[in-house]
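# Survey of secondary and tertiary structure
One letter stands for each residue in the lines below.
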Amino acid sequence: MRRLLVLGNAGIDLVCPVPHLPRAGETVVAHGQSRAPGGKGLNQAVVAARAGAAVTFVAPVGRDAAAGELAAALADEPFQALHWLPQAAPTDLSLLMVAPDGENSILSLGAAADSLSTAEAEAAVAVLDSQDILLLQGNLSAAATLAAARGAVDRGAQVCLNTAPLRWDVAPLLPLCAVVIANAVEAEAITSLTGPAAAEALHRAGAALAVVTLGAGGCVTASAGGMQHHPAVPAATVDTTGAGDTFCGVLAAGLLAGLPMPAAIAAAQRAAAITVGRPGAFAALPDAASLRVDPAA
Ligand code: ATP
């Protein structure tokens, strides 16, 4: 069976509704707090598994109670395999501030993700073969991410890279990517261009398929087949947190299932529209019934 290996971060989200997002120097008092599993790697792995992909999720965590909390929270997720890589650093933590209009600001502590070594990354991808897909994000170090991508390509596997969070130069990775997914802000930061021109530039920089997501504007794709705009599925926005992760997880699952690219994009946008209609990140991820990717569809 084709495997989707998600190598990425996992942590605890501390979610705080706030009256408005803080300005520089301002203290904002939250209306409350809740804890949930989080991290882009974790969210994308969960979504892809719920969409029916055979997902192996590999993530660095601390040797602490939060790692146990994560394991318990994910016990019922339909992963094919789940491998924690214990690090000396504490399990990652993100503080999510969510404003009444659904907009969010996120502060992430990512020492566990950062401390994953290149040797651990290379070992994680050693299981891949030419049928498989590796899905990466920006939370691991540049060196570990590059090592994983190179290892995957050496084994003939396809690499999907989500450029979020953008915190190091992704240029060396792009020629290794079958798919790169960047939101509008990331795409502009990488290419100094916007919209379709940014997608085209990411493709020219080496990604076989470049996807630039545009929030309620849907997304644009650029590949050897040309450029295309894919409108979003209209949704009443409650909280956009997790939309990008849902999109990436379902797109990777769709490609793994053999869907043609436009159909995989459509499935990803249908799923992301569900996520934006719900509060929270992990809690907003669509369930398996609404996510199943059907190759015959
Ligand atoms: P986030 O960081 O909020 O999780 P993102 O910035 O990574 O998201 P976006 O470009 O905002 O990514 O959204 C990804 C996809 O989610 C879009 O391409 C679109 O399909 C869907 N989406 C996002 N916002 C909306 C919206 N308001 N209405 C409908 N679909 C949306």
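Residues numbered from 1 in each chain as written. Predicted model: local features only at pLDDT ≥ 70, side-chain atom pairs only at ≥ 80, totals over all residues. Heavy atoms only, no water.

A complete count under the given rule lists zero disulfides for this structure. Note on Cys160: no disulfide assigned, nearest cysteine sulfur contributed by Cys177 at a separation of 7.9 Å. The class of Cys160 is buried, set by a relative accessible area of 3%. (Disulfide = S-S within 2.5 Å. Buried < 20%, exposed > 50% of the residue type's maximum accessible area, 1.4 Å probe, protein only.)

With that settled, the discussion passes to the sheet that holds strand β6 (residues 92–98). Strand order in the open sheet formed by four strands is β3-β2-β6-β7, with mixed pairing between adjacent strands. Among the strands making up the open sheet, the edge pair consists of β3 (34–38) and β7 (104–109). The sheet shows a mean angle of 25° between the axes of neighbouring strands, taken without regard to direction. Note that β6 and β7 share six bridges and pair antiparallel. Across the sheet, residue Val98 finds its bridge partner in β7, namely Asn104. Contacts between helix α2 (residues 65–73) and the sheet are confined to β2 (11–17) and β3, with β2 contributing the most and set at about 85° to the helix. (Pairing = 2+ DSSP bridges. Helix = DSSP H or I, 4+ residues; strand = E, 2+ residues; numbered from the N terminus. Axes fitted to C-alpha atoms, helices over the stretch in contact; angles between N-to-C directions. Contact = heavy atoms within 4.5 Å.)

To continue, consider the site of the ligand. With respect to spatial proximity, 18 residues lie near the ligand, and among them Thr213, Gly215, Gly218, Thr240 and Gln269 are the closest. The contact in question runs from an oxygen atom of the ligand to an N or O atom on the side chain of Asn183, over 2.9 Å. The contact in question runs from a nitrogen atom of the ligand to an N or O atom on the side chain of Thr237, over 3.0 Å. Notes on the ligand: free accessible area 620 Å², of which the protein chains cover 85%. Every element with two or more residues in the shell around the ligand is listed here: α8 (243–256) and α9 (261–276). Among the residues making up the shell around the ligand, the classes are represented as nine nonpolar, nine polar and no charged. (Near = heavy atom within 4 Å. Polar contact = N/O pair within 3.5 Å; in protein donor to acceptor, adjacent residues only side chain to side chain. Areas by Shrake-Rupley, 256 points an atom, 1.4 Å probe, with all protein chains shown as cover. Nonpolar A, V, L, I, M, F, W, Y, C, P; charged D, E, K, R; others polar.)

Inspection of every chain in the model, using the stated rule, returns two aromatic pairs. Ring plane angle 75° and centroid distance 6.2 Å describe the contact between Phe57 and Trp84, whose orientation is recorded as edge-to-face. Highlighted residues: Phe57 in strand β4 (residues 55–61) and Trp84 in strand β5 (residues 81–86), separated in sequence by 27 residues. Given a relative accessible area of 23%, Trp84 falls into the partly exposed group. Three or more aromatic residues joined by ring pairs make a cluster, and in this case those are Phe57, Phe79 and Trp84. One Lys or Arg, Arg50, reaches over the ring of Phe282 and ends 5.6 Å from the middle of that ring. (Phe/Tyr/Trp six-rings, centres within 6.5 Å; stacked < 30°, edge-to-face > 60°. Lys NZ or Arg CZ within 6 Å of the ring centre and 35° of its normal.)

A word on the UniProt feature "binding site: substrate" (unreviewed entry) in the protein chain. As annotated by UniProt and renumbered to match this structure, "binding site: substrate" (unreviewed entry) occupies Gly11, Ile12, Asp13, Gly39, Lys40, Gly41, Leu42, Asn43 and Asp245. When sequence neighbours within four positions are dropped, the list of residues in contact with Asp13 reads Ser34, Arg35, Ala36, Pro37, Gly38, Gly39, Ser94, Leu96 and Ala281. For Asp245, the location among the structural elements is in helix α8. Each residue touching Asp245, except ones within four places of it in the same chain, is listed here: Gly39, Lys40, Asn43, Gln44 and Asn162. (UniProt positions renumbered as here; feature names shortened; annotations may be inferred.)

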